[in-house]
Amino acid sequence: MNPVSLVDVGSYLPERRVTVDFYGGDDDALRESVMFKSPRYRRHVAPGESAVDMIEKAARPVLDRAAARGDGPLDVLLTNVQLPDLPWTGAGAAVAHRLGQDPDWVLDVHNGGCASFVHMLRSARQILRTGEARTALICCVQNTAGQMFAQSEVRRRSHASVPGDGCGVGYLRVGDESPILDVELRNLGEFAGDMGVRLEDGRRYWEPGRSQLDVSFTPDKVRKIIERGNALVPEVVGRLCDRLDVPTSAIDLLVTNQPNRLFLANWRESLGVDAARHPDTFDEYGNLFGAAVPVTLHEMLRQGRPNRGDLVVLAGFAHAGDLAAAAAVRWHPEPA
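Only a predicted model underlies this, so the values are computations on that prediction, with no experimental measurement involved.

Trainee: Outline the overall build of the protein chain, listing residues and values.
Mentor: Helix and strand counts for the protein chain come out as seven helices and 13 strands. On C-alpha atoms alone, the protein chain measures out to a radius of gyration of 19 Å, which is about the 20 Å that the 2.2 N^0.38 rule sets for 336 residues. Across its three principal directions, the C-alpha atoms of the protein chain cover 55 × 45 × 35 Å. Expressed as a percentage of the 336 residues in the protein chain, the buried residues total 57%. Counting only contacts in the protein chain whose residues sit at least 6 apart along the sequence, the fraction spanning at least 24 positions is 78%. As displayed, the protein chain offers around 13900 Å² of accessible surface, 48% of which is attributable to carbon and sulfur atoms. Positive and negative side-chain charges in the protein chain, numbering 38 and 45 respectively, have mean positions lying 3 Å apart.

Have a look at this one:
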């Protein structure tokens, strides 16, 4: 099969920078949970700012660089949007139109959550390896912080201050200049039901009513998510490195989702990767869910990292633990 490379990433963060003073945090049952310790800052989408707007701002410079290299048209477009602008229509078709592209493959990927970037990287890589396409753009949007979690009642709850909004994209093409070495992915459907919806009046989320849509957390669910989260990322990264025949301590740059300080510290300790090799954007941007991996990687590129030839591992877990994934790239970046 054709080798496939991740050659570029891009990101967009909304202008509005929000402090913790915006929130109430009066949920007594969860206030002291280590999972919901607030970041210092986060970004919120502007009123009327759509997922398509966010992807366009992140992707335009990436596609401009691809055009300058002579890569040709975009063949594959994958999107994952945390809060779709319309309940029954994905962003992909509108994104392709906005970007002036006509890809043969337009896929709106609804699952994957905080691991969606790696999940889509795997899917796009497989399509490109068949020879049916040459280039792919994968797009992750997190847009619940300034919308769902900013609602008047929801924002008073302890967990509401943790998310931030942002978008990250990755550009793949056939070739071995910055090859994706391998991908490890685990689907754990037995945990899918542990992520629920909270509506005070008991209605289904699409039925009319006055209660505000929120994510359902209980102390027992939080405990289980912490246990799984601490284990799942080291597990998939360890399996990946075993197949590559390298110790996890040899990872030059580990880029993960950014759920909270506890997970980041525990993953580093478990994998033997020091803080300098595991970038932390949580305090500046909050929990960016699926967008955290490409946004954090783009932050590193702007700082001159990773170095040419570095082993870069991208990893994360989704929701209450229903999916975990890790990908390894031998980095030979294009100019950012």
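Trainee: Please provide a residue-by-residue account of the packing of aromatic side chains, values included.
Mentor: All chains considered together, the criterion is met by four aromatic pairs. Seen in terms of ring centroids, Phe263 and Phe317 are 5.5 Å apart; in terms of plane orientation they differ by 90°. Their pairing is edge-to-face. Within this pair, whereas Phe263 is found in helix H5 (residues 261–271), its partner Phe317 is found in strand E12 (residues 311–318), the two being separated by 54 residues in sequence. Accessibility expressed as a relative area gives 3% for Phe317, which makes it buried. In textbook terms, an aromatic cluster arises when at least three aromatic residues are bridged by ring pairs, as seen for Phe263, Trp267 and Phe317. Its guanidinium or amino end placed over the ring of Tyr41, Arg17 lies 3.6 Å from that ring's centre, counting from NZ or CZ. It is Arg155 that lies over the ring of Phe22; its NZ or CZ is 4.0 Å from the centre.

Conventions and cut-offs
- Residues numbered from 1 in each chain as written.
- Predicted model: local features only at pLDDT ≥ 70, side-chain atom pairs only at ≥ 80, totals over all residues.
- Heavy atoms only, no water.
- Helix = DSSP H or I, 4+ residues; strand = E, 2+ residues; numbered from the N terminus.
- Rg over C-alpha atoms; globule rule 2.2 N^0.38 Å.
- Buried < 20%, exposed > 50% of the residue type's maximum accessible area, 1.4 Å probe, protein only.
- Contact = heavy atoms within 4.5 Å.
- Areas by Shrake-Rupley, 256 points an atom, 1.4 Å probe, with all protein chains shown as cover.
- Lys, Arg positive; Asp, Glu negative; His and termini not counted.
- Charge placed at Lys NZ, Arg CZ, Asp CG, Glu CD.
- Phe/Tyr/Trp six-rings, centres within 6.5 Å; stacked < 30°, edge-to-face > 60°.
- Lys NZ or Arg CZ within 6 Å of the ring centre and 35° of its normal.

None of the figures reported here should be taken as evidence of function without further support.
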